[in-house]
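Chain and residue survey
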Amino acid sequence: GFRKGHKNTCKNNVPKRTEVKLRGTKWLLAELYKAKPIYPVRAIFDVLYSRNSRHPELGLADELVRAATRFYNGDEEDVALAVEWYEKMADDGHSGAMFKLGECRETGKGVTEDLKKAAEWYRKAAVDGHIGAMEKFGECLETGKGVPQNSVSAKVWYDKAKNAKKASSSSSSSSSSSSSSSS
């Protein structure tokens, strides 16, 4: 696998240590999804969170939020752990985690229900480009849930969400059509 003169890189020009960390990371992620992982789930998450902080190129943030969501749909102890993970990831600026915290605050699952905080988390995620949060923040503004009612601002956020969906679907269809035309 190594090229002559390049002892510190693997076959795809990925630094050797990063590839090893990626393999170990995939194993740890698999452990998170097992019914009975061999290590405590909190310890696994902490290691992965630490790796994500030091090596964002590994792309763990979305996977950590997905894992937290799996736990959020579990029993009460798992919900508390998921909320803790959402908070860590939201503090790091992950819009998906911000959106999930908005849902937590809106429903009161795992935390004290607080519509004002829910609207604030939705707003933060919406400003960061999260389409679902744009819709939810628009809904908050339309109904006055946690924020003063403002139908004009609500329409602005609904339009932003609609435009972001269009842009997202056109970019995904153009990339799939360009890859199929180049085949």
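Side note on the overall build of the protein
In terms of regular secondary structure, the protein is built from 8 helices and 0 strands. The order of helices and strands in the protein, counted from the N terminus, is α-α-α-α-α-α-α-α. With 183 residues in all, the protein has 36% of them scored as buried. Within the protein, contacts between residues at least 6 apart in sequence are counted, and of these 43% link residues at least 24 apart. Looking at the protein as shown, the accessible area adds up to about 10900 Å², and 53% of this sits on carbon and sulfur atoms.

Some remarks on the packing of helix α2 (residues 41–54) against helix α3 (residues 61–72)
Between α2 and α3, whose axes approach to 10 Å, the crossing angle comes to 160°. When the axes of α2 and α3 are compared, the pair comes out roughly antiparallel. Here α2 runs over α3; the crossing is left-handed. In this structure, α2 contributes V41, F45, L48, Y49 and N52 to the contact, and α3 contributes A61, L64 and F71. Split into classes, the residues belonging to the contact of α2 with α3 amount to 7 nonpolar, 1 polar and no charged.

Concerning the environment of S95
Secondary-structure assignment places S95 in helix α5 (residues 95–107). For S95, a relative accessible area of 17% puts it in the buried group.

Brief notes about the packing of aromatic side chains
Counting across every chain of the model gives 6 aromatic pairs. Geometrically, the ring pair formed by F45 and W85 is stacked, given 4.0 Å between the ring centres and 10° between the ring planes. Highlighted residues: F45 in helix α2 and W85 in helix α4 (residues 76–91), separated in sequence by 40 residues. Judged by its relative accessible area of 1%, W85 is buried. Of the aromatic side chains, those joined through ring pairs into one cluster are F45, Y49, F71 and W85. A cation sits over an aromatic face here: K88 above Y49, 5.1 Å from the ring centre. Over the face of the ring belonging to W157 we find K160, whose NZ or CZ atom lies 4.2 Å from the ring centre.

Notes on the pattern of salt bridges
A side chain with one charge can pair with a side chain of the opposite charge if their charged atoms come near. Taken as a whole and assessed by the stated rule, the structure comprises 11 salt bridges. For E106, the salt bridge identified is with K136, shortest N-O distance 3.1 Å. With E106 in helix α5 and K136 in helix α7 (residues 131–143), this pair connects stretches of sequence that are 30 residues apart. Two residues, E106 and K145, come together in a salt bridge whose shortest N-O distance is 3.0 Å. With a gap of 39 residues between them, E106 in helix α5 and K145 in the loop between α7 and α8 (151–181) connect regions that are remote in the sequence.

Here's the deal with the nonpolar core
Judged by nonpolar contacts, the single largest core of 45 residues is most densely connected at L32, L48, Y72, V83, W85, Y86 and M89. Among the secondary structure elements, those contributing two or more residues to this core are α1 (16–33), α2, α3, α4, α5, α6 (115–127), α7 and α8. The leading source of residues in this core is α4, at 8 residues. Once residues lying within four places of it in the same chain are set aside, the contact partners of M89 are F45, Y49, N52, A61, L64, V65, H94 and A97.

Quick look at α3
Each α-helix turn comprises 3.6 residues. Residues three or four places apart therefore point the same way. Between its terminal C-alpha atoms α3 stretches 16 Å, which fits the 16 Å expected from 12 residues at 1.5 Å a residue. Those residues of α3 lying buried are A61, L64, V65, A67, A68, F71 and Y72. Take α3 and look down its axis: the buried residues cluster within an arc of 160°, on one side only.

Here is what the cut-offs are and how they apply
- Residues numbered from 1 in each chain as written.
- Predicted model: local features only at pLDDT ≥ 70, side-chain atom pairs only at ≥ 80, totals over all residues.
- Heavy atoms only, no water.
- Helix = DSSP H or I, 4+ residues; strand = E, 2+ residues; numbered from the N terminus.
- Buried < 20%, exposed > 50% of the residue type's maximum accessible area, 1.4 Å probe, protein only.
- Contact = heavy atoms within 4.5 Å.
- Areas by Shrake-Rupley, 256 points an atom, 1.4 Å probe, with all protein chains shown as cover.
- Axes fitted to C-alpha atoms, helices over the stretch in contact; angles between N-to-C directions.
- Parallel < 35°, antiparallel > 145°, perpendicular 65-115°, else oblique.
- Left-handed = near helix turned anticlockwise from the far one by under 90°.
- Nonpolar A, V, L, I, M, F, W, Y, C, P; charged D, E, K, R; others polar.
- Phe/Tyr/Trp six-rings, centres within 6.5 Å; stacked < 30°, edge-to-face > 60°.
- Lys NZ or Arg CZ within 6 Å of the ring centre and 35° of its normal.
- Salt bridge = Lys/Arg side-chain N within 4 Å of Asp/Glu carboxyl O.
- Core = buried A, V, L, I, M, F, W, Y, C linked by side-chain atoms within 4.5 Å.
- Expected span 1.5 Å × (residues − 1).
- Arc of directions from axis to C-beta.

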